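Each chain, letter by letter, is given below.
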Amino acid sequence: MTTTRLSARAAIASVTDTGSFTELPAPRGESPADGPLAWAGYDDSRARATERTGEHESVVTGSARIGGREAVLISFEFGFLGGSLGQRTGDRLEAAYEHARARRLPLVSLIATGGSRMQEGMLALTQLQRVARQSVLTRAAGLPQLAVLRDPTTGGGWATLGAGADVVLALPGAQVGFAGSRVRPADADPAAYTAEGQYVDAVVPAAHLPGTLAHWLRVLAAPRSGGPVEPPAALAGVRPPATGWDAVRQARDPGRPHAEAYLDAYFELRLHLSGDRAGGTDPGMLCGFGLREGRAVAYAAQCGTATRPAGYRTAARVVRLADRLGIPVLTLVDTPGAANDAAAEHAGAGAAIADTFAALAAATVPVTTLLIGEGGSGGALALAAPGNTWVTPDSYFSVIAPELAAAILKRPPSAAPATADQLRIRPQDLVALGVARGIVGPMT
């Protein structure tokens, strides 16, 4: 079964606990005959849409439980004038947002819309400003917003309720894009207008959607830690290195544990967020939210590769979202450095790194960092929590890679080990220098 072409109420029923939906009353409002533009036949079109769908507008709103947790639901009825947004649609959306804030509830949007309603002209288009305002107010209230992209999700509905949500899920094959099918260029790549081509957080099969939403609501509603979370335990059974070069060799050992293993050992439930919301992803940066001993924790973890600009922007996105929701953050540092190829520079590497530094510096929630491998220069430091960074025995942190330092100092390659010692990059050196708080022990 798929929700891509379900009615608004069937879509709600497909993801909520049986019998838990309570519809919100429709705000009272009168429209002139044939709408604000006196568009001939508009009232007849609305009447036919009501007869066909049983609805009086293109959205159904209310509250329901998903996996036992209460949320406000907005569900679009595509059969009602293509799920388009008009003035009365805006009234209902605004009321739903206000209800979510008044009850301190998360908001879940099940979107299927073709955009703004032509028969109401610019007054329909300005409803996007109303939605954006309500989204901002809800964000400022510290409440999460989740979106599910059904088929189709285009125009202003995608550019406000969809792309503006904190977590964006989509059904497989759903048409997603700002341009609808009848207005995009004739030679446009159709793959660019699908859920799979839009860098959403996850494409979720319809059968898995109720469970996925329930997991997200469970995590985002979980208790918060009162202080910084504890760093993960070391997973490799090694001792701190004797020399700086030993530290480098241990950190570069391909068999040592990487971020995925640390996250799996740390969290009992982990939900991934993907992409920087600017058209980029970096598989070398894992970001999301999880449960640690029943408490919500956000994470951003480097995977041992050179971090690309999209990776930094994704990490900054998650840190800011966690800060807004009051959720503490764990970062895992492991990179030889920031990607420095031409593509990375064109993608704004410097600005992306600066944004990550700024996100951590501005965070009001506690941030805990564990260095689990290589700590290569500013590309690694951007994810490190000032004053609360820990290290594993098989890690090192350096202002620059020892080989590069030797080259800059006009030393032969054979001088790299001695240079590593001079740089004092071992875990125990980092503690002695005050860069790290301590070396974490093994799991017990």
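Above this note sits the structure.
Anyway, here's the lowdown on the structure attached to this text. (Residues numbered from 1 in each chain as written. Predicted model: local features only at pLDDT ≥ 70, side-chain atom pairs only at ≥ 80, totals over all residues. Heavy atoms only, no water.)

Section: the pattern of salt bridges
No. 1: Taken as a whole and assessed by the stated rule, the structure comprises 24 salt bridges.
No. 2: One salt bridge in this structure joins R130 and E94, with 2.9 Å as the shortest N-O distance. Of the two residues, R130 is situated in helix α5 (residues 127-140) and E94 in helix α3 (residues 87-103); the sequence distance between them amounts to 36 residues.
No. 3: For E94, a relative accessible area of 24% corresponds to the partly exposed category.
No. 4: The structure contains a network of salt bridges with shared partners spanning R46, E57, R117 and E120. (Salt bridge = Lys/Arg side-chain N within 4 Å of Asp/Glu carboxyl O. Helix = DSSP H or I, 4+ residues; strand = E, 2+ residues; numbered from the N terminus. Buried < 20%, exposed > 50% of the residue type's maximum accessible area, 1.4 Å probe, protein only.)

Quick notes on a nonpolar patch on the surface
No. 1: A grouping of L37, W39 and M118 is seen on the molecular surface, where their side chains present a nonpolar patch of about 340 Å² in accessible area.
No. 2: By the secondary structure assignment, M118 is in the loop between β4 (107-113) and α4 (121-125).
No. 3: Given the relative accessible area of 63%, M118 is considered exposed. (Patch = residues over 30% accessible without salt bridge, like charges linked within 9 Å, V, L, I, M, F, W, Y side chains within 5 Å. Areas by Shrake-Rupley, 256 points an atom, 1.4 Å probe, with all protein chains shown as cover.)

Considerations on the pairing of strand β13 (residues 367-376)
No. 1: The element β13 is extensively covered by neighbouring structure, given that 10 of its 10 residues are classed as buried.
No. 2: As defined by bridge partners, strand β12 (residues 329-335) adjoins β13 across 6 bridges and the pair is classed as parallel. Each bridged residue has a counterpart across the sheet, and for L330 the counterpart in β13 is T368.
No. 3: As paired strands, β13 and strand β15 (residues 396-398) are joined by 3 bridges and run parallel to one another. Of the residues in β15, the one forming a bridge with G376 is S398. (Pairing = 2+ DSSP bridges.)

Some points on the packing of aromatic side chains
No. 1: Enumeration according to the criterion identifies 3 aromatic pairs in this entry.
No. 2: Ring geometry for W216 versus F289: centroids 6.2 Å apart, planes at 65 degrees, classification edge-to-face. Taken together, the residues span a long stretch of sequence, with W216 in helix α7 (residues 209-220) and F289 in strand β10 (residues 285-292) at a distance of 73 residues. Here W216 and F289 have matching classes, each one buried.
No. 3: Ring geometry for F267 and Y299: centres 5.4 Å apart, planes at 45 degrees, overall tilted. One end of the pair, F267, is in the loop between α9 (259-266) and β9 (269-273); the other, Y299, is in strand β11 (residues 295-302), and 32 residues separate them in sequence.
No. 4: By relative accessible area, F267 is classed as buried at 8%.
No. 5: The buried category is assigned to Y299, whose relative accessible area is 1%.
No. 6: Among the aromatic residues, those joined into a ring-pair cluster are Y266, F267 and Y299.
No. 7: In this structure, R292 is placed above the aromatic ring of Y266, and the distance from its NZ or CZ to the ring centre is 4.1 Å. (Phe/Tyr/Trp six-rings, centres within 6.5 Å; stacked < 30°, edge-to-face > 60°. Lys NZ or Arg CZ within 6 Å of the ring centre and 35° of its normal.)

Section: empty space enclosed by the protein
No. 1: The final tally for this structure, using the stated rule, is 1 cavity of 30 Å³ or more.
No. 2: When its volume is computed, the largest cavity comes out at roughly 40 Å³.
No. 3: Lining the largest cavity, in full, are Y97, L107, S109, S135, Q145, L146, T160, L161, G164 and A165.
No. 4: Secondary-structure elements contributing two or more residues to the lining of the largest cavity are β4, β5 (145-154) and α6 (155-162).
No. 5: Split by residue class, the lining of the largest cavity holds 5 nonpolar, 5 polar and no charged. (1 Å grid on protein atoms, 1.4 Å probe; cavity = no way out; pocket = protein on both sides within 12 Å on 5 of 7 lines; lining within 4 Å. Points joined across faces, edges and corners; volume = space filled by probe spheres on them. Nonpolar A, V, L, I, M, F, W, Y, C, P; charged D, E, K, R; others polar.)

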